[in-house]
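A look at the structure
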Amino acid sequence: MTVAEQEHTLTKPAVPPPPAPLPLFAAVGIELEYMIVDAETFAVLPLTDQVLRAVTGEFKSDFIKPGISWSNELALHVIELKTTRPVARLAGAVPPFQEDIGRINAILKPLGARLLPGGAHPWMDPFREVRLWPHEYNAIYESYNRIFDCRGHGWGNLQSCHLNLPFADDEEFGRLHAAIRVLLPLIPALSASTPVLDGAVQPSLDQRLEYYKTNSARVPALTAAVIPEPVFDEARYRREILQKMYDDIAPLDPEGILRDEWLNARGAIARFDRNAIEIRIIDVQECPRADLAIAALLVAVLKALVAETWSSGDDQRAQSTAGLAAMLNRVIREADQALVDDPAYLALFGLAGGTQAVTAGEIWRQLLARLTSPAQPPNAEPAIPPEYLPTLAIILEQGCLARRMLRFLAGDLSRPRLTALCRDLSQCLAQGKLFAP
């Protein structure tokens, strides 16, 4: 099977898949999560079931249609938009998302609500305000809540972008998994969007991921080091990762409600049920154009890594989980300004660090320049759709969304200023424009 649209926390009827697995980079699946908030105060509102009932006539967990489908999430104030089928190209993928954002905002308007982007709400109290989805498939959410207590930021206050990439067989899985492991530590340099929680500036620009690292601490095998272990075939992955996970949670889940691949909470998870790897550490941005621009750059770099353009597959596979996890932790804290000083790691991307450390942002600037170089073969399809290049320029020149948010706040963490930030972000989402203070 291929990349499916369902979220990792759901067991839902799937759209019938194509008859054969898709090969590497033949398609991409995108999932974007948004908050529902009061249109004036920007406090979260648990209205996802009302939105889905407005289009399905009942409290269903999915509204599946051609193009973009809508789904519930664990928290009742979060709604997900996702490609119903994997798309062959990211070029032209923004308008369908943007159209449905407008449609949802139109449903919410009479309810005094609207959609808000970003990886987490900047002041909500998840221990007081989170309400779990109470309708179909609720048994899954209640099991998570009973075991992990889903009221905290790592469960009840987070919105992410998931990037799903297919593989056709074991050999392709191994190559793709090796490349994704290598790239994961650099992703928050592009996507960090959670510098403020509980009304205060946090130690990390991607504070969502700080909570993500520990939200399953009661069963450490679920998240492990966030960076997946160096496992490059299905049999070993099932034996060393999935089975250990199932064994460790079994005493807390005797009915086996959570015994499925989506229980895996690493930063990228193998979905053998649909022949895909799902990257899960990307904070959602201010509008789909930004999310898809980041996805397009990630896909282009992963293609080059899998093709061994800059380094061999053996060198990629040799990267230690501990070393990659340490680098990820630095980038979670400092995003685009995190320093990378490991020559062996830089060499994986054909970059020579020498004795000089380079920032994660500079690594991305150099990679983008290479992928868009005029020296590319004539008549070749662009590595990155040109429509995303202005967006990537803003992200790489002005910093990740978290840094731009802090620039807007300028040290003022008052509720009126945070409300003004949310108002601007919600307008960016509604209008499909970048947040560039």
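Procedures and definitions
Residues numbered from 1 in each chain as written. Predicted model: local features only at pLDDT ≥ 70, side-chain atom pairs only at ≥ 80, totals over all residues. Heavy atoms only, no water. Helix = DSSP H or I, 4+ residues; strand = E, 2+ residues; numbered from the N terminus. Expected span 1.5 Å × (residues − 1). Buried < 20%, exposed > 50% of the residue type's maximum accessible area, 1.4 Å probe, protein only. Phe/Tyr/Trp six-rings, centres within 6.5 Å; stacked < 30°, edge-to-face > 60°. Axes fitted to C-alpha atoms, helices over the stretch in contact; angles between N-to-C directions. Parallel < 35°, antiparallel > 145°, perpendicular 65-115°, else oblique. Left-handed = near helix turned anticlockwise from the far one by under 90°. Contact = heavy atoms within 4.5 Å. Nonpolar A, V, L, I, M, F, W, Y, C, P; charged D, E, K, R; others polar. Core = buried A, V, L, I, M, F, W, Y, C linked by side-chain atoms within 4.5 Å. Arc of directions from axis to C-beta. 1 Å grid on protein atoms, 1.4 Å probe; cavity = no way out; pocket = protein on both sides within 12 Å on 5 of 7 lines; lining within 4 Å. Points joined across faces, edges and corners; volume = space filled by probe spheres on them. Salt bridge = Lys/Arg side-chain N within 4 Å of Asp/Glu carboxyl O. Pairing = 2+ DSSP bridges. Disulfide = S-S within 2.5 Å. pLDDT = per-residue confidence, 0-100.

With respect to helix α10 (residues 288–306)
- End to end, α10 covers 26 Å across 19 residues, agreeing with the expected 27 Å (1.5 Å per residue, within 8%).
- Of all the 19 residues making up α10, 17 are buried; the element is thus mostly covered by neighbouring parts of the structure.
- A positive phi of about 60° marks Glu 308, the residue just after α10.

Quick look at the packing of aromatic side chains
- Inspection of every chain in the model, using the stated rule, returns 13 aromatic pairs.
- Taking the centre distance of 6.5 Å and the plane angle of 45° together, the rings of Tyr 144 and Trp 262 count as tilted. Residue Tyr 144 is found in helix α4 (residues 138–148), and its partner Trp 262 is found in the loop between α9 (234–249) and β9 (268–271); the two are separated by 118 residues along the sequence. Each member of the pair, Tyr 144 together with Trp 262, is buried.

Overview of the packing of helix α16 (residues 401–409) against helix α17 (residues 415–431)
- Closest axis-to-axis distance for the α16/α17 pair is 10 Å, and the angle between their directions is 135°. Between α16 and α17, the angle is such that the two are oblique. The two elements α16 and α17 cross, and the hand of that crossing is right-handed. Residue-level inspection shows Leu 401, Met 405, Phe 408 and Leu 409 of α16 in contact with α17, the latter providing Arg 417, Leu 418, Ala 420, Leu 421, Asp 424 and Leu 425.
- Residue composition of the contact of α16 with α17, grouped by class: 8 nonpolar, no polar and 2 charged.

Details of unusual backbone geometry
- A positive phi angle, near 60°, is found at Asp 149, a position not held by glycine.
- Along the chain, the position of Asp 149 falls in the loop between α4 and α5 (153–156).
- The phi dihedral of Asp 198 falls on the positive side, at around 55°, and the residue is not glycine.
- Tracing the backbone through its elements, the reader meets Asp 198 in the loop between β7 (196–197) and β8 (200–201).

Let's talk about the nonpolar core
- If you look at the biggest cluster of nonpolar residues, it comprises 135 residues, and the most contacted ones within it are Ile 30, Tyr 144, Leu 163, Val 301, Phe 349 and Trp 364.
- Element by element, the count of residues in this core is highest for α10, at 14 residues.
- By size, the runner-up hydrophobic cluster in this structure holds 5 residues, among which are Leu 205, Ala 335, Cys 400 and Ala 402.

Considering helix α1 (residues 48–56)
- Where α1 is concerned, the buried positions are Thr 48, Asp 49, Val 51 and Leu 52. Looking straight down α1, one finds its buried side chains confined to an arc of 160°; they lie on one side.
- At its buried positions, α1 is contacted by β1 (29–38), β2 (62–63), β3 (68–72), β4 (78–83) and α2 (94–108).
- One or two steps after α1, the chain reaches Gly 57, where phi turns positive at roughly 85°.

Topic: the packing of helix α14 (residues 360–371) against helix α15 (residues 389–398)
- In contact at an axis separation of 10 Å, α14 and α15 are set at 155° when each is read in the N-to-C sense. In terms of their interaxial angle, α14 and α15 are classed as roughly antiparallel. In this structure, α14 crosses over α15, and the sense of that crossing is left-handed. Residues Gly 361, Trp 364, Arg 365 and Leu 368 of α14 touch α15, and the partners they reach there are Leu 389, Leu 392 and Leu 396.
- A per-class count over the contact of α14 with α15 returns 5 nonpolar, 1 polar and 1 charged.

Regarding the layout of surface pockets
- Its volume calculated, the largest pocket comes out at about 480 Å³.
- What lines the largest pocket is a set of 21 residues, among which Val 299, Ala 300, Lys 303, Pro 382 and Ala 383 lie closest to the centre.
- For the lining of the largest pocket, the secondary structure elements donating two or more residues are α10 and α14.
- For the lining of the largest pocket, the element with the highest residue contribution is α10, accounting for 5 residues.
- Of the residues contributing to the lining of the largest pocket, the split by class is 15 nonpolar, 2 polar and 4 charged.

What about the pattern of salt bridges?
- Scanning all chains against the criterion turns up 23 salt bridges.
- With a shortest N-O distance of 2.7 Å, Arg 236 and Glu 240 are connected by a salt bridge. Taken together, the residues Arg 236 and Glu 240, both in helix α9 and 4 residues apart, mark about one turn of the helix.
- By sharing partners, the salt bridges in this structure join Glu 234, Arg 238, Glu 261, Arg 271 and Asp 273 into a single network.

Focus on the pairing of β3
- Most of β3 is tucked away: 5 of the 5 residues are buried.
- Neither face of β3 is exposed, since Ile 68, Trp 70 and Asn 72 on one face and Ser 69 and Ser 71 on the opposite face are all buried.
- Two strands pair when backbone bridges link them, and β2 and β3 are joined in this way by 2 bridges, in the antiparallel orientation. Across the sheet, the residue bridging to Phe 63 is Trp 70, located in β3.

Here's the deal with the state of the cysteines
- Across all of its chains, the model carries 0 disulfides by this definition.
- No disulfide involves Cys 287; its sulfur sits 6.7 Å from the nearest other cysteine sulfur, which is in Cys 428.
- Relative accessible area serves as the criterion here: at 0%, Cys 287 is assigned to the buried category.

A few points about the confidence of the model for the chain
- Within the chain, residue pLDDT values average 93, and 94% of them lie at 70 or more.
- Below pLDDT 50 for its whole length, residues 1–14 participates in 71 contacts with residues either more than four positions away or in separate chains.

Quick look at the side chain of Arg 404
- Tracing the backbone shows Arg 404 in helix α16.
- Excluding its chain neighbours within four sequence positions, the residues that come into contact with Arg 404 are Glu 286, Ile 395, Gln 398, Gly 399, Leu 434, Phe 435 and Pro 437.

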